[in-house]
Every structure is written in C-alpha cells, then in structure tokens.
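# Coordinates in review
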Amino acid sequence: LYSAGILGTGYYVPEKIMTNADLEKIVDTSDEWIVERTGIKERRIAEDGVPMSDLAMKAAESALADAGTAAEELDLIIVATLTSDRIIPSTACMLQNRLGAKHAAAFDLSAACSGFAYAASVAAQFIETGVYKKALVIGAETLSKYINWEDRNTCVLFGDGAGAAVLGQVEDGYGILSFDLGSDGSGGDAIQIPSSGSLMPVSKESIDQRLNLIHMNGKEVFKFAVKAMGRTVKNSLEKIGMPQEKIDWLVPHQANIRIIESAAKRLSMPMDKVIVNIQKYGNMSAACIPIALAEASAAKRFKKGDIIALSGFGAGLTWASCIIRW
Ligand code: ACO
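Predicted, not measured: the structure shown is a model, and the values here were computed from it.

## Focus on the state of the cysteines
What the rule picks out here adds up to zero disulfides. There is no disulfide at C155, and the cysteine sulfur nearest it, in C113, is 17 Å away.

## Describing the side chain of K134
With respect to the secondary-structure elements, K134 resides in strand β6 (residues 134-142). One polar contact links K134 to E73, side chain to side chain, over a distance of 2.7 Å. Look past the residues within four positions of K134 in its chain and what remains in contact with it is L7, T69, E73, L74, D75, L76, V166 and L167.

## A word on unusual backbone geometry
The omega torsion of the bond from I88 to P89 falls at -10°, within 30 degrees of zero and hence cis. With respect to the element layout, P89 can be found in the loop between β4 (76-80) and α4 (91-99). Cis geometry marks the peptide bond from G316 to L317, where omega comes out at -10°. Assignment of secondary structure puts L317 in the loop between β12 (307-314) and β13 (318-325). Positive phi outside glycine occurs at S285, with the angle close to 50°.

## Quick word on the pairing of β13
The side chains of a regular strand alternate between the sheet's two faces. Counting buried positions along β13 yields seven of eight residues, so the element is predominantly enclosed. In terms of strand pairing, strand β8 (residues 175-183) meets β13 through eight bridges, oriented antiparallel. Along β13, the bridge assignment pairs G182 with W319. Sheet analysis places β12 next to β13, joined by eight bridges and oriented antiparallel. Counted as the bridge partner of G312 is A320 from β13.

## Topic: the packing of helix α8 (residues 218-239) against helix α9 (residues 257-266)
It is the contact of α8 with α9, at a shortest axis distance of 9 Å, that shows an interaxial angle of 35°. Both α8 and α9 take part in a crossing whose hand is right-handed. Here F222, A225, V226, K227, M229, G230 and K234 of α8 lie close against α9, whose contacting residues are R258, I259, S262, A263 and R266. Among the residues making up the contact of α8 with α9, the classes are represented as six nonpolar, two polar and four charged.

What counts, and at which threshold
- Residues numbered from 1 in each chain as written.
- Predicted model: local features only at pLDDT ≥ 70, side-chain atom pairs only at ≥ 80, totals over all residues.
- Heavy atoms only, no water.
- Disulfide = S-S within 2.5 Å.
- Helix = DSSP H or I, 4+ residues; strand = E, 2+ residues; numbered from the N terminus.
- Polar contact = N/O pair within 3.5 Å; in protein donor to acceptor, adjacent residues only side chain to side chain.
- Contact = heavy atoms within 4.5 Å.
- Buried < 20%, exposed > 50% of the residue type's maximum accessible area, 1.4 Å probe, protein only.
- Pairing = 2+ DSSP bridges.
- Axes fitted to C-alpha atoms, helices over the stretch in contact; angles between N-to-C directions.
- Left-handed = near helix turned anticlockwise from the far one by under 90°.
- Nonpolar A, V, L, I, M, F, W, Y, C, P; charged D, E, K, R; others polar.

Okay, here's the thing in structure tokens:
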C-alpha cells in the first residue's frame, strides 16, 4: 500500500460579508445572542447568480497551484456538497470540464457537513492501492440559497464558501493515517430540506410553505454533535493505537463555537490547538474543514510531521474524522 496525503490546499470565499448587524435588520435577533450562542460574527454570501461551482472552481485552482499539480494529472475529482448547482450533471463533472481534467473520474458526494472528511477518505483508498495517483477533493457550498431568511433559528448560522485539497502519494508514514466514517439515518429529520427531491418535488405549494429551504432541530443536532465530534476522533485514533495526546491540531467542523469547545474538551485539547474560523464564516457545511485547513496551511501553522485530526458531523446524520501526519 502507498501512503495517501495532502499535496496542496486552497480556498475561496465570496467577497460579500453579512454581519450580525445586517441580520438584526432582517429578523428579531441580536449580535449579542448570535455571538454568545454560536460564536459567529459574520458570514460570506455568494451574489445572486453566482453558483456553487464558481466558488468550487476558484478553490480548486488555488489547491492545484499550491500542490504544483496540473489538472491533466488528476485521476479523480470528488465534490462534497449539499448545494450542487443541479441534481444532474454533478458539479464534479462541471469542474472536470472547466479545469480541463481530461483523465479524471468525477462525482459529487452527499454527506453534508461531514462531506470533506468522507470524500478525502474515499479518495485516499484509490491512492493507497495505487489505482489513482492524484485526486482533487472539494467541499463547497452556497447554503445562502437554501436559507429561510425569515427563520432566526437557522438564518444566522450559515454561510457560503469552498475549500479544496489535492491528494496524492506521500512519503511512507505521512498523510492520512486513519479515518472513521459513520451514519445514523434515524436522525435524518433533524436537518433536512423537505422539498428537494422525489419524495416531495419542489412545487408552488412547497415553496409557499418554505419547505424547499433548510429545516433544523437545533437542540437535537447540538446534543448529537457534542458527542459525535470527539467520539469519531477517538475511533480513528484507536484504529492505529495512537494516544490522543499525540494530536497537535484539531480541525473541526465549524457549526457552533460551543460544540467545538466541547469536542476539544473531550479530547483534552487546549483551544490554541484548535483551528477556528467560525467567527468570520459561520457554518459552510462541507466547506468548513477544507477552508480551515487551507487557511492554517497558508498561515504556516502546521509543521512537517504534525498530527492533525479532522472532525465533522452533519445531516444524515453523519460523522467523519481523519488523522493526518502533515
Ligand atoms: N436570535 C435570537 N433568539 C434566538 C435566535 C436568534 N437568532 N435563534 C433562536 N432564538 C431563541 C429561541 O427561539 C429560543 O427562544 P425561546 O426559549 O423563547 O423559545 C431561545 O433563543 C433559545 O433557543 P435554543 O434553541 O435553546 O438555543 P440554543 O442554545 O440551543 O442555540 C443553536 C441554538 C445555535 C441553533 C444551537 O442549538 C446549535 O448550534 N445547534 C446545532 C446546529 C448545527 O450544528 N447545525 C449543523 C447543521 S449541519 C449540516 O449538515 C448543514
């Protein structure tokens, strides 16, 4: 088996900033409530007419440049998202064409906020077996297009963005050392877009009732998340017999600062070892972890050999973690 690791990262967020003060003008909320309960101060919003694939494209180009990889070298493109441009074709196929990745297989992956860690684990399998040499893994979302801007319970939480990583063969003992993927479909109703597919096709009635937008039971998700985030990292560590003290950095999904703090506590990690950008971007679902990775990498926070734990949870319900030696 070969070792599969990250060769380069990149990200893109839209320029338009929506602050908590902007939200105070739309719904009955306050900057104080949002910061105290979630840690979010502002989020990025894609302009009208800008599809998710535009964000993903920019993140992809930046990751390819960082990795020194040409698009023609790619064997695989996976886009983790819940806000694909269309149901068909997949956004991954659109990017395959736009990038000129002539030799790449391409598909979208649906695991919501756990999507990037899921997709990286999938790509790593092909690289470890030697079947593929280079894969582009993207987490990208335009959640703003699925937000009910009249629902203060959800509209303050989400934002738009895209992060990407090029995966390939790395030195033995480096790269993705272990992963843990999980699901519990019994909690599927906790975060859903009720009218978005064959179960309840989008119709005038469903739009009138806002059923084509995100519905969430925040408390239920919160309870699940605080357990899932720490547990999945512990599962990944257990598979390789690595004690949790070895983790140098935790790169968590950014849904709520209180969830992140609780996960860090369960892993006995001080917050200065946790990559946090929720204050700037809010919850960008599958894009959170790759953006946090790319920002921290660009800021040279990771040194060679550092042990990094990615940990995500999300709709499905799903959870996923990866242990990476940088
Ligand atoms: N501004 C002001 N008040 C608000 C707001 C708001 N934006 N939102 C809710 N409230 C009110 C509620 O109505 C409630 O009032 P009530 O007691 O009169 O009913 C009160 O604040 C407290 O609400 P709670 O739900 O108890 O607040 P909580 O501390 O649980 O925080 C939150 C809510 C932030 C949603 C939290 O539960 C959370 O973060 N949950 C997890 C969400 C999450 O991780 N989602 C991930 C989605 S992943 C994916 O796959 C897309």
